[in-house]
Amino acid sequence: MCGLLAVVFALSAYAQQSSRPSRIVWVGTEEFREVSINPGRINPASGDANEYYKSIRIKFRYVEERDLEGNGGFTSRHVEWTARESHIVHGFISRVCRGNGSLELGPGDSITDEHYNQMQMTCQVEKHGAIWGYFSGHQVIDPPDVVEWDKLRDDCSYSEEQPGYRYSVWVSPEIDAVMEVKTGRDSEYRQFVPEPGKQITYTVRSNVPARFRFKLEEVSRFPGFATNVQIKPYFFQIYGLDHLEGKYEVKEWGEPLKVDPDLILDPRLYEDRTEWEQPTYETVTTAKEAGSASVTITAMDFAVYGRLKAEVKGKCGGWEPVRVLVGGQEKDFVTIPMDENDNLIADRMEEPENGVTEWGYGNDTGRDDDRYPEGDGTPGDGLTAFEEYRGFMTQGVNFAGGCDDRGYDLHMRTDPTRKDLFIHSPDPELAQLAFLLENSTKQAGDAKGIGVHLICEPHSVGRSLNYTLRLWGPKEWRGKTLFGGEQHLLNLIDGQLPDGTMGETRGTTGLGPPKDVWGDVKIDKNKIFSMGDRPYFSAPLELARTVVHELGHAVGIDHHGDNNVYLALLITDKPCPEGISDPLEILGDGVSVTSPTLSAGEEACVIFNVARRHAQNSGNQECPMKYTYWNAYESPSSPLQPMGDIKVTDSQRRHATLKGYRGEIHKYRRDLDTPGLGPFCDKTAGTGINGYPGEANHAGDSCRVCAGQIRVKDWDSSPHTPPACPGDSGD
Amino acid sequence: MYKAIIRITLFTLVAAAAYKDFNAWKLPALAAKVPDILLSLQVNREREVSLLPGTPLVFTVFMSGSKTDPPLRIGGSGDPWYVYLRLESADDKKQIPFTWSLLGKPRALPRLGSSDDLGDAELYAGDEAILEKERNSYTAELGVAPEETAKIPEGRYTIRAVLEVPSGALGNWSGRAVSNPVVVSLGKRVKKTTPEDDPELSRLIESIDFYLRAERFEDAYRLALELKERQPKKVQSYILLGDALNGLKRDREALEAYMKALYIIATKGKQYEPPTYLIMRMDEVKQRLEER
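Source: prediction; values computed, not measured.

Reading the values: the criteria
- Residues numbered from 1 in each chain as written.
- Chains lettered and ligands numbered in written order.
- Predicted model: local features only at pLDDT ≥ 70, side-chain atom pairs only at ≥ 80, totals over all residues.
- Helix = DSSP H or I, 4+ residues; strand = E, 2+ residues; numbered from the N terminus.
- Buried ≥ 20, exposed ≤ 12 C-beta atoms within 10 Å, placed from the backbone.
- Contact = placed C-beta atoms within 7 Å.
- Nonpolar A, V, L, I, M, F, W, Y, C, P; charged D, E, K, R; others polar.
- pLDDT = per-residue confidence, 0-100.
- Pairing = 2+ DSSP bridges.
- Axes fitted to C-alpha atoms, helices over the stretch in contact; angles between N-to-C directions.

Asks: Quick question: what am I supposed to make of the overall build of chain B here?
Replies: In terms of regular secondary structure, chain B is built from seven helices and 12 strands. Each of the 292 residues in chain B was classed as buried or not, and the buried ones make up 39%. Nonlocal contacts in chain B, meaning residues at least 24 apart in sequence, comprise 70% of its contacts between residues at least 6 apart.

In structure tokens, the structure reads:
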């Protein structure tokens with residue numbers, strides 16, 4: 001109390017202290033620490049103790065207001081303390097006092113009895129003999145004084161320290177600094193969706209001139225700048241960030257990737273040293289005091305997350321947090337982008353029709369549950385919602401040389417409800433036709449077919465599509481799953497096929513999903529074009545059907561059936577069917593059957609490319625998986641009956657073995673069998689040449705249904721096994 | 001007051017339009033400027049090849065237009081678009097050390113729809129290139145014969161395709177378009193990518209293929225016999241032999257060769273995809289035989 005009175009006396013010199021403000025907020029700390037050990041016998045009556053401990057810490061905040069004449073005084077006095085004091089006299093008595101609390105002493109200088117009562121410590125006494133009178137009375141906290149104004153260093157602070165005592169006080173700037181961020185539907189903050197080079201600015205305003213410090217915290221570090229691309233020199237040119245080339249996210253040969261933050265304070269914006277101090281990618285400080293300051297944050301990825309905090313520092317005192325008001329609510333930080341549900345996806349993008357995409361990315365970040373097309377019932381396309389939101393660099397222009405300039409690249413955030421398939425084709429003709437797969441995978445009941453996207457060679461590593469997170473992580477971050485498993489793209493190329501085929505997809509099962517395809521999906525364009533246009537054959541149509549057919553395999557679709565006949569012998573007691581079979585001599589001079597022995601009147605006819613019931617040529621006429629251009633088909637009423645191996649020999653005693661059949665075959669009507677480019681079949685029912693009545697029906701219903709076999713997702717699902725069909729029953 | 005409101009409204013509309021235009025301009029400006037005509041070049045289906053001398057070269061030039069409305073037109077009847085196409089060295093100091101010729105007629109692939117609406121599915125091979133939305137992918141193949149490449153000094157050659165249409169030529173486009181470069185390395189030591197790779201065999205097969213495409217069937221036949229000697233159990237040997245004989249109209253022999261190929265397919269176990277090409281070629285020669 002006496003301390004406070006000193007302030008009053010000090011005010012006599014008020015008039016001379018011109019720098020003294022009319023309103024002062026005094027903030028300070030007073031600490032007492034004492035330890036005393038006196039072993040041996042002592043005289044308790046003297047008040048001494050064998051052991052004595054004292055630790056008191058008092059924080060205070062006094063507000064003082066005076067007019068120009070010095071009239072006035074404290075308008076508020078707040079103290080906060082923690083205290084402990086112990087006296088121990090061995091064998092006689094020990095007293096331990098504790099206290100902590102806070103109290104507003106109110107205006108003026110006086111301290112009431114009620115205040116003192118509240119500032120008392122609570123003591124516990126233990127006596128070990130007949131002793132009384134010692135350590136009586138109460139231990140009370142005494143509010144600290146403030147010093148005279150002219151003792152302040154730079155009109156800001158004062159401190160002193162003696163053994164067992166420390167005191168400091170400073171004049172608080174009493175700054176009210178706010179960073180207010182509007183969250184309305186059209187606000188810049190809500191509208192901000194990250195893209196490399198895209199910027200957003202935040203402003204802090206203060207009631208008094210001050211310096212400001214901005215800090216980006218918990219910033220994401222996703223390698224690359226989209227799901228399927230790492231940062232290469234072209235990145236900096238395309239997004240106007242040339243000045244960061246060689247500095248940001250550098251991958252040295254043989255060195256691990258240095259992943260830099262996805263949100264940065266672009267050094268180019270903060271290079272003026274009269275305005276800014278010590279800028280890094282994540283912190284910058286204003287060099288001068290001002291009433292406000294704005295900071296611009298630059299995104300370096302199509303998916304980013306970070307928190308922006310700001311601090312303020314007045315002439316006196318240290319750095320204090322700036323109040324952050326986001327949509328009127330006080331927070332410790334503002335997230336970039338706006339992400340109220342903290343799922344790492346910009347809130348704007350969670351809703352469909354958001355101005356960027358027709359679809360939204362709400363719900364779980366790690367889900368992969370794309371519904372369309374339904375296919376074999378396996379949901380998903382191997383890409384998490386987060387990866388689809390982060391998006392992919394794709395071949396931006398679908399024409400010759402579309403991959404020759406990275407400036408043509410187009411970023412695409414894909415639809416999380418639609419299965420997406422990525423295809424790289426260096427051949428512009430094949431690339432153009434790959435899009436037909438979208439139509440063919442869309443059934444009447446499906447809202448969407450597979451989304452086909454062309455990409456260029458730099459948009460993958462090997463055939464790995466989502467390689468940025470796969471190779472360099474993180475797979476999970478802030479409790480959210482980002483990466484589920486590796487998804488592959490398909491390479492669609494023009495290549496020479498040696499065995500008379502026009503297209504080829506090879507793999508562990510001969511089928512997709514994409515990870516199970518070995519190497520490339522190959523189309524022999526030269527063979528197709530070399531046929532030229534001829535009756536019932538259109539090279540463009542055949543090329544298109546072959547592309548869709550092979551891509552169908554690459555997403556898991558098998559043929560309509562399996563047991564067509566390529567080359568065999570028809571054993572018959574009738575003449576060889578004219579135009580669709582040949583006598584044995586076609587196999588060589590003097591060829592004859594040696595085993596089994598044929599019955600009298602029977603002969604062996606060479607038949608080739610015979611479509612069998614429910615096999616590769618069967619089913620829906622429009623389906624791209626159905627075979628076309630065949631030579632003959634077996635009679636529906638008198639189908640081929642296998643009779644095992646037939647051994648033949650020629651005039652030079654060379655032997656050969658072929659499958660033998662009995663039954664009837666008819667000429668295949670190529671004129672009625674146009675290549676299918678419609679949807680993959682969703683029923684077994686034969687249509688077109690397979691829907692004709694009686695003997696005109698070529699191959700009947702299919703064994704398999706194509707639409708129900710489609711699978712795009714490479715991971716986290718059971719092995720893909722197409723339905724079994726009767727195999728080669730030639731024996 | 002009324003005039004002031006109109007002025008403010010007009011100003012706002014103009015400013016909004018300018019802003020919209022600015023944004024429309026700004027985004028493409030970030031990307032590369034796309035030329036009117038784009039050429040893309042491959043050699044033997046690759047961007048870079050390493051070959052033995054005597055292996056034929058097939059340069060495939062793909063041409064597209066970036067603006068198709070209104071369509072770009074190049075050449076016309078009697079003045080075909082591809083006469084303005086040439087190969088040149090991308091290295092200023094070198095001349096291309098070979099002569100090339102068109103391999104087949106340049107083509108344009110139509111844009112195809114689904115089965116419901118296939119559109120015009122015909123292959124276009126006209127003199128006038130019309131680069132439009134429905135047909136914007138033209139392809140020309142320029143070949144260098146095996147005997148020509150056998151004469152080329154060993155070395156590395158960087159080649160590009162150039163389309164240079166002078167003003168006054170038929171059509172509504174003139175100018176110069178240049179493709180990406182491709183690299184041809186010719187030498188006796190060729191890198192094998194797999195143990196099965198045999199550059200000699202590859203040279204033989206590609207030479208047969210080249211002669212077939214160039215309709216030099218006698219040359220194709222001569223080499224096909226050589227291939228059959230080297231690989232008597234391969235389907236490809238008999239298909240290529242059949243193709244050469246087919247070109248020479250030796251139909252009976254062609255059919256036998258094709259039948260032999262089919263026999264190998266049938267006896268080695270069924271291949272997954274049908275030999276559609278073989279079926280159609282067999283049908284072709286059988287028809288001719290029947291017609292005789």
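Asks: Explain the interface of chain B and chain A to me, please; I cannot follow it from the model alone.
Replies: The figure often quoted for interface size is the accessible area lost as the parts come together. Counting residues at the interface gives 45 residues for chain B, matched by 51 residues for chain A. The set of elements that each furnish at least two residues to the side of chain B that touches chain A consists of strand S1 (37-43), strand S3 (57-65), helix H5 (235-247), helix H6 (251-267) and helix H7 (276-291) of chain B. Here the side of chain B that touches chain A takes seven residues from H6(B), the largest share from any one element. The class makeup of the residues in the side of chain B that touches chain A is 29 nonpolar, 12 polar and four charged.

Asks: Help me understand the confidence of the model for chain B in this model?
Replies: As a general rule, the predicted coordinates of low-pLDDT regions are not to be interpreted in detail. Residues and elements named next belong to chain B. Here chain B averages 83 in pLDDT, while 82% of its residues score no lower than 70. Element-level mean pLDDT values for chain B span from 39 in helix H1 (residues 2-30) up to 97 in H5. In the model, residues 1-6 has pLDDT below 50 throughout and makes zero contacts with residues more than four positions away in sequence or in other chains. Overall, residues 8-31 carries pLDDT values under 50, and its contacts beyond four positions in sequence, including any with other chains, amount to six contacts. Two summary scores accompany this predicted model of the complex, namely pTM at 0.83 and ipTM at 0.87.

Asks: Please explain the sheet that holds strand S1 (residues 23-37) of chain A as it appears in this structure.
Replies: The strands that make up a sheet are held in pairs by hydrogen bonds between backbone atoms, and each pair lies either parallel or antiparallel. Residue and element names in this part refer to chain A. Reading across from one edge, S5-S4-S3-S2-S1-S7-S6 is the order of the seven strands in this open sheet, with antiparallel pairing throughout. At either margin of the open sheet sits one strand with a lone partner, and together these are strand S5 (122-127) and strand S6 (157-162). Averaged over all pairs of adjacent strands, the angle between their axes in this sheet comes to 10 degrees, without regard to strand direction. Pairing between S1 and strand S2 (residues 51-66): 15 bridges, direction antiparallel.

Asks: Sorry if this is basic, but what is going on with the pairing of S5(A) here?
Replies: On a regular strand, one side chain projects to one face of the sheet and the next to the other, so that they alternate. All names here are of chain A. Burial within S5 is sparse, with just zero of its six residues counted as buried. Bridge analysis of strand S4 (residues 93-104) against S5 gives six bridges, and the strand direction is antiparallel. Of the residues in S5, the one forming a bridge with arginine 98 is threonine 122.

Asks: How do you make sense of the environment of Arg478(A) when you look at a structure like this?
Replies: Residue and element names in this part refer to chain A. Looking at where arginine 478 falls in the secondary structure, it is placed in the loop between strand S23 (476-477) and strand S24 (480-481). Arginine 478 gets classed as partly exposed once you count the C-beta atoms within 10 Å, which come to 13. C-alpha separation for the pair arginine 478 and methionine 625, spaced 147 residues apart in sequence, amounts to 46 Å.

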